[in-house]
Amino acid sequence: MTIQEAQERVDAWIKQYGVRYFSELTNMAVLTEEVGEVARVIARRYGDQSSKPGDDLDLADELADVLWVVMCLANQTGIDLDAALERNFAKKTTRDKDRHIHNSKLTNH
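Predicted model only: the values in this text are computed from it and were never measured.

Peer 1: Quick rundown of the packing of helix α2 (residues 24-45) against helix α3 (residues 59-77)? Include the residues and the values.
Peer 2: At a closest axis distance of 9 Å, the pairing of α2 and α3 adopts a crossing angle of 160 degrees. By the angle class used here, α2 and α3 are roughly antiparallel. Seen along the crossing, α2 lies across α3 with a hand that is left-handed. Per-class residue counts for the contact of α2 with α3 are 14 nonpolar, 3 polar and 7 charged.

Shown next as C-alpha cells:
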C-alpha cells in the first residue's frame, strides 16, 4: 500500500472506530510514548538492557504504532506524507549526496 492509501485507511478507521482524532497535542504525547516503546525494544533486543518476564519485544508492531500516530498527525494537519516524503528525498539528495560517501567514519568498518 502507498503512504497515501495508509493515511486514508487510518482516517477511515478513526471515523469508524475511534470517534474522532485525539487533539494534536495529545497525539504528540502519544507519539512520544510510542517512540519510547521502540527505544525499549531496541535497548532490550539489541542493547545491553535485559528483558523482564512478559516483555513484548515486537519491534515491527512498535514501529507500526509510530507510523499510525504520524499518519494521524499528518491527517489532522492536512499533510500529504507521500508528497512530503518526495520533497524530503529531494532535499536530502541535494544536501547530502556527497556528505556520507566521503565520511571516513562510515567507510572504516
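Peer 1: Tell me what's going on with the environment of Val 35, and back it up with residues and numbers.
Peer 2: Within the secondary structure, Val 35 is located in helix α2. Of the residues examined, Val 35 reaches a relative accessible area of 43% and is grouped as partly exposed.

Peer 1: I'd love a proper account of the pattern of salt bridges, names of residues and values included.
Peer 2: Overall, the coordinates contain 5 salt bridges when judged by the stated rule. For Asp 55, the salt bridge is made with Arg 44, and the minimal N-O distance between the two is 2.7 Å. Here Arg 44 lies in helix α2 and Asp 55 lies in the loop between α2 and α3, a separation of 11 residues in the sequence. In this structure Arg 44 comes out as buried when scored by relative accessible area, which is 13%. Ionic pairing is found between Asp 96 and Arg 99, a salt bridge with its closest N-O pair at 3.1 Å. It is possible to trace a salt-bridge network through shared partners that takes in Arg 95, Asp 96 and Arg 99.

What counts as what
- Residues numbered from 1 in each chain as written.
- Predicted model: local features only at pLDDT ≥ 70, side-chain atom pairs only at ≥ 80, totals over all residues.
- Heavy atoms only, no water.
- Axes fitted to C-alpha atoms, helices over the stretch in contact; angles between N-to-C directions.
- Helix = DSSP H or I, 4+ residues; strand = E, 2+ residues; numbered from the N terminus.
- Parallel < 35°, antiparallel > 145°, perpendicular 65-115°, else oblique.
- Left-handed = near helix turned anticlockwise from the far one by under 90°.
- Nonpolar A, V, L, I, M, F, W, Y, C, P; charged D, E, K, R; others polar.
- Buried < 20%, exposed > 50% of the residue type's maximum accessible area, 1.4 Å probe, protein only.
- Salt bridge = Lys/Arg side-chain N within 4 Å of Asp/Glu carboxyl O.

Functional significance is not addressed by these values, which are geometric in nature.
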